[in-house]
Amino acid sequence: MLVEICANSFRSAQNAQNAGADRIELCSELAVGGITPSYGLICHVLNTLNIPTHILIRPRGGDFCYSNDDFEIMKQDIEQCKSLGAQGVVSGILNPDFSIDVDRTMTLIDLSRPMHFTFHRAFDSVPNPVKGLKQLEAMGVGRVLTSGQAPTAIEGLSLLKTLQDDFKGIIIPSAGINCENIKQFKLSGFNEIHFSASVQQPRQLKQYMSLNSIKHFDESKQTYTDTLLVKQMISLLHE
């Protein structure tokens, strides 16, 4: 069974390689489900490590319904990953009704060649997963990363099995996979699996002022800089 580790830093990527993982999905910011890692991190992993590396192409947290500007950023990130020698990318785009945006996802697939393309957990928001999977299969997608549309893959195991039976490609179970349940996925016939194996190391932060902001973790809202508010605040400086 191929083991893919979701690596959020160079340390994580290096630990995954040293532990014998088969592949990593390189990203940043696990707290929001992962976003595209920095150019420097991508370079350092690809230039220093030998483990096959797929890069997450997700320009921001929140939903997977992207603006035209987001789309342009994603395309440039894929071009960058290709030029740096990454083995694959992990991405996908949804329509406002959360169905798969076939046209724009197909553009990303074409742009990523000859790298591997995995459709990521945007799939877990698709209202009709069986129909969505057939669309992805028709588009030539060979891998789909999913929890079976449940909070954890073990809770979504029934749907995961159904999807794997109906798919010519590879369904990669993801979310909440640990030492207690990992064998169930092998016994269920899956060929690949995805997890982070994350632990948290206590830090001495007596002098540190936390920059975390709870309001920005509400995924039902999208945070952006407001033009009128900026103008208002600038005008106050000129009074």
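Residues numbered from 1 in each chain as written. Predicted model: local features only at pLDDT ≥ 70, side-chain atom pairs only at ≥ 80, totals over all residues. Heavy atoms only, no water.

> I'm lost on the packing of aromatic side chains in this one. Help?
The description of an aromatic ring pair rests on the distance of the ring centres and on the angle between the ring planes. Evaluation of the coordinates by the stated rule reveals 1 aromatic pair. Note on phenylalanine 185 and phenylalanine 190: the rings are 6.3 Å apart at their centroids and 55 degrees apart in plane angle, and the pair reads as tilted. (Phe/Tyr/Trp six-rings, centres within 6.5 Å; stacked < 30°, edge-to-face > 60°.)

> What is the right way to read the pairing of strand 2 (residues 23-26) from this model?
The two faces of a sheet get side chains in turn, since along a regular strand they alternate between them. Side chains Arg23 and Glu25 project from strand 2 onto one buried face, and the interleaved Ile24 and Leu26 project onto a second face that is buried too. Sheet topology note: the strand 1 (residues 2-7)/strand 2 ladder contains 4 bridges and is parallel. Residue pairing in the sheet places cysteine 6 in a bridge with glutamate 25 of strand 2. The pairing of strand 2 with strand 3 (residues 53-56) spans 3 bridges and is parallel. Opposite leucine 26, over in strand 3, you have isoleucine 55 as the bridge partner. Tracing the backbone out of strand 2, into helix 2 (residues 39-48) and back to the parallel element strand 3 gives a crossover that is right-handed. (Buried < 20%, exposed > 50% of the residue type's maximum accessible area, 1.4 Å probe, protein only. Helix = DSSP H or I, 4+ residues; strand = E, 2+ residues; numbered from the N terminus. Pairing = 2+ DSSP bridges. Right-handed = clockwise from strand over helix to strand, strands pointing away.)

> Please explain the packing of helix 2 against helix 3 (residues 68-84) as it appears in this structure.
In helix packing, the relevant descriptors are the interaxial angle and the interaxial distance, both defined with respect to the helix axes. Where helix 2 contacts helix 3, the two axes come as close as 11 Å, and the packing angle between them is 25 degrees. Between helix 2 and helix 3, the interaxial angle falls into the category roughly parallel. Considering only the axes of helix 2 and helix 3, their crossing is right-handed. Between helix 2 and helix 3, the residues in contact are Tyr39, Ile42, Cys43 and Leu46 and Gln80, Cys81 and Leu84, respectively. The residue inventory of the contact of helix 2 with helix 3, partitioned by class, reads 6 nonpolar, 1 polar and no charged. (Axes fitted to C-alpha atoms, helices over the stretch in contact; angles between N-to-C directions. Parallel < 35°, antiparallel > 145°, perpendicular 65-115°, else oblique. Left-handed = near helix turned anticlockwise from the far one by under 90°. Contact = heavy atoms within 4.5 Å. Nonpolar A, V, L, I, M, F, W, Y, C, P; charged D, E, K, R; others polar.)

Remember, this is a structural readout, not a statement about activity or role.
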